[in-house]
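A closer look at the structure
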Amino acid sequence: LLPDGDTLWVGTQARGLGEFQRASGRLRRHDERVGLPDDWITAVARAAGALYVGSFVGGLAQWDGSRWVTFDELRGANVTCRASTDAGGLFIATRRGVWHRRLDGRLEPLNARFPTLDTEAQALWAEDGGLWVGTRTGLYLVSSIPP
């Protein structure tokens with residue numbers, strides 16, 4: 001769930017993403033028929049004003065206001081978690097590693113910069129001191145990440 005002003009975004013299993021307008025009671029469904037890469041939603045986040053959706057086997061998608069844009073780097077990835085920073089950055093956990101959607105728009109694989117970080121990430125928590133990453137093999141603190 002992601003409360004977003006008058007809108008409540010609801011990620012579902014096999015039914016895509018619901019966009020519920022509280023004032024009108026209107027429900028709009030976003031799914032594979034309208035460009036989402038997968039109907040099983042695992043994460044919903046807002047970062048730097050943009051809406052991002054992670055999915056079970058479709059990677060990450062961003063809503064541009066009229067259509068869903070996907071990221072080739074995460075095509076087919078299982079998104080397990082996400083964490084937003086106060087500055088507007090976004091971290092994405094997958095079973096293939098952790099990614100950072102930087103403020104400049106680049107998508108950076110953190111495992112390339114931090115090779116001791118387990119690639120099967122399950123949980124994230126961003127704070128001023130860095131990024132906590134819960135993985136299959138332990139808990140890691142990653143610091144010195146550029147915005």
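Above this text sits the structure in question.
Attention in this report is confined to the structure presented alongside it. (Residues numbered from 1 in each chain as written. Predicted model: local features only at pLDDT ≥ 70, side-chain atom pairs only at ≥ 80, totals over all residues. Heavy atoms only, no water.)

Examining the environment of threonine 135
Counted only if it meets this: Numbering goes from the N terminus for both helices and strands, where a helix is a DSSP run of H or I of at least four residues and a strand is a run of E of at least two. With a 1.4 Å probe rolled over the protein chains alone, any residue whose accessible area is under 20% of its type maximum counts as buried; one over 50% counts as exposed, and the rest are partly exposed. In what follows, a contact means two residues having at least one pair of non-hydrogen atoms within 4.5 Å. Two N or O atoms form a polar contact when they lie within 3.5 Å of each other; inside protein one atom must be a possible hydrogen donor and the other a possible acceptor, and for residues adjacent in sequence the pair counts only when both atoms belong to side chains.
Following the sequence through the fold, threonine 135 ends up in strand β14 (residues 130-135). Relative accessible area serves as the criterion here: at 12%, threonine 135 is assigned to the buried category. Between the C-alpha atoms of threonine 135 and aspartate 118, which are 17 residues apart in sequence, the distance is 6.3 Å. Not counting residues up to four positions away in its chain, the partners in contact with threonine 135 are Asp118, Glu120, Ala121, Gln122 and Tyr140. Separated by 3.1 Å, the side chain of threonine 135 and the backbone nitrogen of threonine 137 make a polar contact.

Thoughts on the sheet that holds β14
Stated formally: Between any two strands, pairing holds if DSSP finds at least two bridges. Under this scheme, a helix contributes an axis fitted over its contacting stretch, all axes are lines through C-alpha atoms, and angles between N-to-C directions fall in the 0 to 180 degree range.
Ordered in space as β13-β14-β15, the three strands form an open sheet in which the pairing is antiparallel. The two strands at the open ends of the sheet, each matched to only one other strand, are β13 (121-127) and β15 (139-142). Sheet twist, expressed as the average angle between the axes of neighbouring strands with direction ignored, equals 20°. Bridge count between β14 and β15: four bridges; the pairing is antiparallel. Across the sheet, tryptophan 132 pairs through a bridge with leucine 141, a residue of β15.

A word on the side chain of histidine 30
Within the secondary structure, histidine 30 sits in strand β4 (residues 26-30). Within the structure, the side chain of histidine 30 is placed 2.7 Å from the side chain of glutamate 19, a separation counted as a polar contact.

Notes on the nonpolar core
The line we're drawing: By nonpolar core we mean a set of buried residues, namely Ala, Val, Leu, Ile, Met, Phe, Trp, Tyr and Cys, connected to one another through side-chain atoms within 4.5 Å.
With 14 residues, the main nonpolar core has Tyr52, Leu60, Leu74, Leu90, Ile92 and Leu107 as its most contacted residues. For this core, the secondary-structure elements that each account for two or more residues are β5 (41-47), β6 (50-55) and β10 (90-94). Element by element, the count of residues in this core is highest for β5, at three residues. Excluding residues that lie within four positions of it along the chain, leucine 107 makes contacts with Phe71, Glu73, Leu74, Ile92, Trp99, His100 and Arg101.

Observations concerning the environment of tryptophan 9
Checked against the element boundaries, tryptophan 9 lands in strand β2 (residues 7-11). Between the alpha carbons of tryptophan 9 and leucine 110 there is a distance of 28 Å; along the sequence they are 101 residues apart. Residue contacts for tryptophan 9: discarding those within four places in its chain leaves Leu1, Leu2, Asp4, Leu17, Gly18, Glu19, His30, Val44, Arg46 and Leu51. A polar atom in the side chain of tryptophan 9 sits 3.1 Å from the side chain of aspartate 4.

Side note on empty space enclosed by the protein
Using the following cut-off: Definitions used for this entry: grid spacing 1 Å over protein atoms alone; cavity, a set of points where a 1.4 Å probe fits but cannot get out; pocket, an open set with protein on both sides within 12 Å along at least 5 of 7 lines; lining residue, one with an atom within 4 Å of a point. Grid points are joined across faces, edges and corners, and a volume is the space filled by probe spheres set on the points. When residues are grouped by polarity, Ala, Val, Leu, Ile, Met, Phe, Trp, Tyr, Cys and Pro land in nonpolar, Asp, Glu, Lys and Arg in charged, and all others, Gly among them, in polar.
By the definition in use, this model includes one cavity of 30 Å³ or more. Each pocket or cavity is described by its volume, and for the largest cavity that value is around 30 Å³. When contributions to the lining of the largest cavity are tallied by element, the ones reaching two or more residues are β5, β6 and β9 (79-84). The class makeup of the residues in the lining of the largest cavity is eight nonpolar, one polar and one charged.

Limitation: the analysis is restricted to geometry and does not speak to function.
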